[in-house]
Amino acid sequence: MDKELLAMLVCPLCNGKLKYNREAQELRCHYDGLAYPIQDGIPVMLPEEARAMDADEKLPISPGRTGEV
């Protein structure tokens, strides 16, 4: 995922920052608890296409956790 593109994208609901999850190929909004998929290298920024994150995914990242970039 292009770093410049990532820097420009925000959550369409709250305009908050998104975290890129390389393994899951999705952009996550921890405030709204939604994960937007990346399909064929293109972020799908439609709330109706987003996946609701579970409670564990919404937690802040601690030093022992991985997957977030």
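Residues numbered from 1 in each chain as written. Predicted model: local features only at pLDDT ≥ 70, side-chain atom pairs only at ≥ 80, totals over all residues. Heavy atoms only, no water.

In the nomenclature of an unreviewed UniProt entry, the protein chain is known as UPF0434 protein ELY33_05640 of Vreelandella andesensis. Looking at the Sequence similarities (unreviewed entry) heading of the UniProt record, one finds this comment for the protein chain: "Belongs to the UPF0434 family." (UniProt positions renumbered as here; feature names shortened; annotations may be inferred.)

Turning next to the pairing of strand β2 (residues 26-29). A regular strand carries its side chains on alternate faces of the sheet. Where burial is concerned, the two faces of β2 agree: the one with Glu26 and Arg28 and the one with Leu27 and Cys29 are both buried. Looking at chain direction, strand β1 (residues 19-21) and β2 are connected through 3 bridges and run antiparallel. Its bridge partner lying in β2, asparagine 21 is registered against glutamate 26. From the end of β1 to the start of β2, which pair antiparallel, there are 4 residues, and glutamine 25 there has a positive phi angle of about 55 degrees. Pairing analysis gives 4 bridges linking β2 to strand β3 (residues 34-39), with the strands arranged antiparallel. Across the sheet, the residue bridging to cysteine 29 is leucine 34, located in β3. (Buried < 20%, exposed > 50% of the residue type's maximum accessible area, 1.4 Å probe, protein only. Helix = DSSP H or I, 4+ residues; strand = E, 2+ residues; numbered from the N terminus. Pairing = 2+ DSSP bridges.)

What follows deals with the pattern of salt bridges. Using the criterion set out here, one finds 4 salt bridges in the structure. Its salt-bridge partner being glutamate 57, residue arginine 28 comes within 3.3 Å of it at the nearest N-O pair. With arginine 28 in strand β2 and glutamate 57 in helix α2 (residues 55-58), the pair connects residues that are 29 residues apart, well separated along the chain. Residue arginine 28 shares its accessibility class with glutamate 57, and that shared class is buried. Taken together, the shared-partner salt bridges in this structure form one network comprising Glu26, Arg28, Arg51 and Glu57. (Salt bridge = Lys/Arg side-chain N within 4 Å of Asp/Glu carboxyl O.)

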